[in-house]
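So you can see what is in the structure, the chains are spelled out below.
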Amino acid sequence: MEQDFNRMVATALRNELGDSRRSVKTVMNWTGTCERTAKNWLAGSCGPSGHHLVQLAQHSDEIFDLFLVMSRRRPMITSMSLVRLRAHLVETIERLDRHIV
């Protein structure tokens with residue numbers, strides 16, 4: 001179970017941040033962890049716990065969604081996704097309006 005968790009966290013982080021030096025730095029900035037810890041999380045060799053998981057979820061939609069799935073709160077994902085989609089659409093429409101006017 002722990003290895004599955006580690007892999008799922010790594011996959012979620014890489015989906016959101018990619019697999020680069022910048023992703024390691026981003027994880028370090030989000031959590032205050034050292035480079036080795038961030039690399040281990042991105043590689044799936046270990047996973048965050050406690051307050052580090054919360055810090056990641058505060059910054060990463062992928063980790064937040066993963067947390068909801070793992071805690072069997074899947075219906076919340078749909079409503080959260082719709083809220084994010086609506087915000088993205090509003091932002092896109094505002095950008096379009098600025099270019100049209």
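Look up a bit, the structure's there.
Cut-off values and rules
Residues numbered from 1 in each chain as written. Predicted model: local features only at pLDDT ≥ 70, side-chain atom pairs only at ≥ 80, totals over all residues. Heavy atoms only, no water. Helix = DSSP H or I, 4+ residues; strand = E, 2+ residues; numbered from the N terminus. Contact = heavy atoms within 4.5 Å. Areas by Shrake-Rupley, 256 points an atom, 1.4 Å probe, with all protein chains shown as cover. Core = buried A, V, L, I, M, F, W, Y, C linked by side-chain atoms within 4.5 Å. Buried < 20%, exposed > 50% of the residue type's maximum accessible area, 1.4 Å probe, protein only. Axes fitted to C-alpha atoms, helices over the stretch in contact; angles between N-to-C directions. Parallel < 35°, antiparallel > 145°, perpendicular 65-115°, else oblique. Left-handed = near helix turned anticlockwise from the far one by under 90°. Nonpolar A, V, L, I, M, F, W, Y, C, P; charged D, E, K, R; others polar. Salt bridge = Lys/Arg side-chain N within 4 Å of Asp/Glu carboxyl O. Patch = residues over 30% accessible without salt bridge, like charges linked within 9 Å, V, L, I, M, F, W, Y side chains within 5 Å.

## A word on the overall build of the protein
- Scanning the protein from terminus to terminus reveals six helices and zero strands.
- Order of helices (α) and strands (β) in the protein, N terminus to C terminus: α-α-α-α-α-α.
- Partitioning the contacts of the protein with sequence separation of at least 6, the portion at a separation of at least 24 is 47%.
- Accessible surface computed for the protein: about 7,200 Å², of which carbon and sulfur atoms make up 55%.

## Some thoughts on the nonpolar core
- Counting 14 residues, the largest nonpolar core has Val9, Leu13, Val27, Trp41, Leu42, Leu56 and Ile63 as the members making the most contacts within it.
- For this core, the elements supplying multiple residues, two or more each, are helix 1 (2–17), helix 2 (21–31), helix 3 (35–43), helix 4 (50–59) and helix 5 (61–70).
- Apart from residues lying up to four places away in sequence, Ile63 is in contact with Val9, Ala12, Leu13, Leu53, Leu56 and Ala57.

## Remarks on the packing of helix 2 against helix 3
- Following both chains from N to C, one finds helix 2 and helix 3 inclined at 115 degrees, their axes separated by 9 Å at the closest point. Considering the angle they form, helix 2 stands roughly perpendicular to helix 3. Remark: the crossing between helix 2 and helix 3 carries right-handed chirality. Note on element contacts: helix 3 touches helix 2 through Glu35, Ala38, Lys39, Trp41 and Leu42, opposite Arg21, Ser23, Val24, Val27, Met28 and Thr31.
- Of the residues that constitute the contact of helix 2 with helix 3, the class distribution is six nonpolar, two polar and three charged.

## Quick look at the pattern of salt bridges
- Within this structure, the stated rule accounts for four salt bridges.
- Notably, a salt bridge pairs Arg21 with Glu35, separated by 2.6 Å at the nearest N-O pair. Within this pair, whereas Arg21 is found in helix 2, its partner Glu35 is found in helix 3, the two being separated by 14 residues in sequence.
- Where Glu91 meets Arg95, a salt bridge forms, and the shortest distance between an N and an O atom there is 2.5 Å. In this pair, Glu91 and Arg95 are both assigned in helix 6 (residues 74–100), four residues apart and thus about one turn of the helix distant.
- Taking relative accessible area as the criterion, Glu91 reaches 40% and is therefore assigned partly exposed.
- Owing to a relative accessible area of 36%, Arg95 belongs among the partly exposed residues under this scheme.
- Salt bridges here are not isolated pairs; linked through shared partners, they connect Arg21, Glu35 and Lys39.

## A few points about the environment of Asn15
- As for its position among the elements, Asn15 is in helix 1.
- For the pair Asn15 and Ile63, spaced 48 residues apart in the sequence, the C-alpha separation amounts to 9.8 Å.

## What about a nonpolar patch on the surface?
- On the surface, Leu82, Leu85, Leu89 and Ile93 cluster together to form a nonpolar patch covering roughly 380 Å² of accessible area.
- When you line up the elements, Leu89 lands in helix 6.

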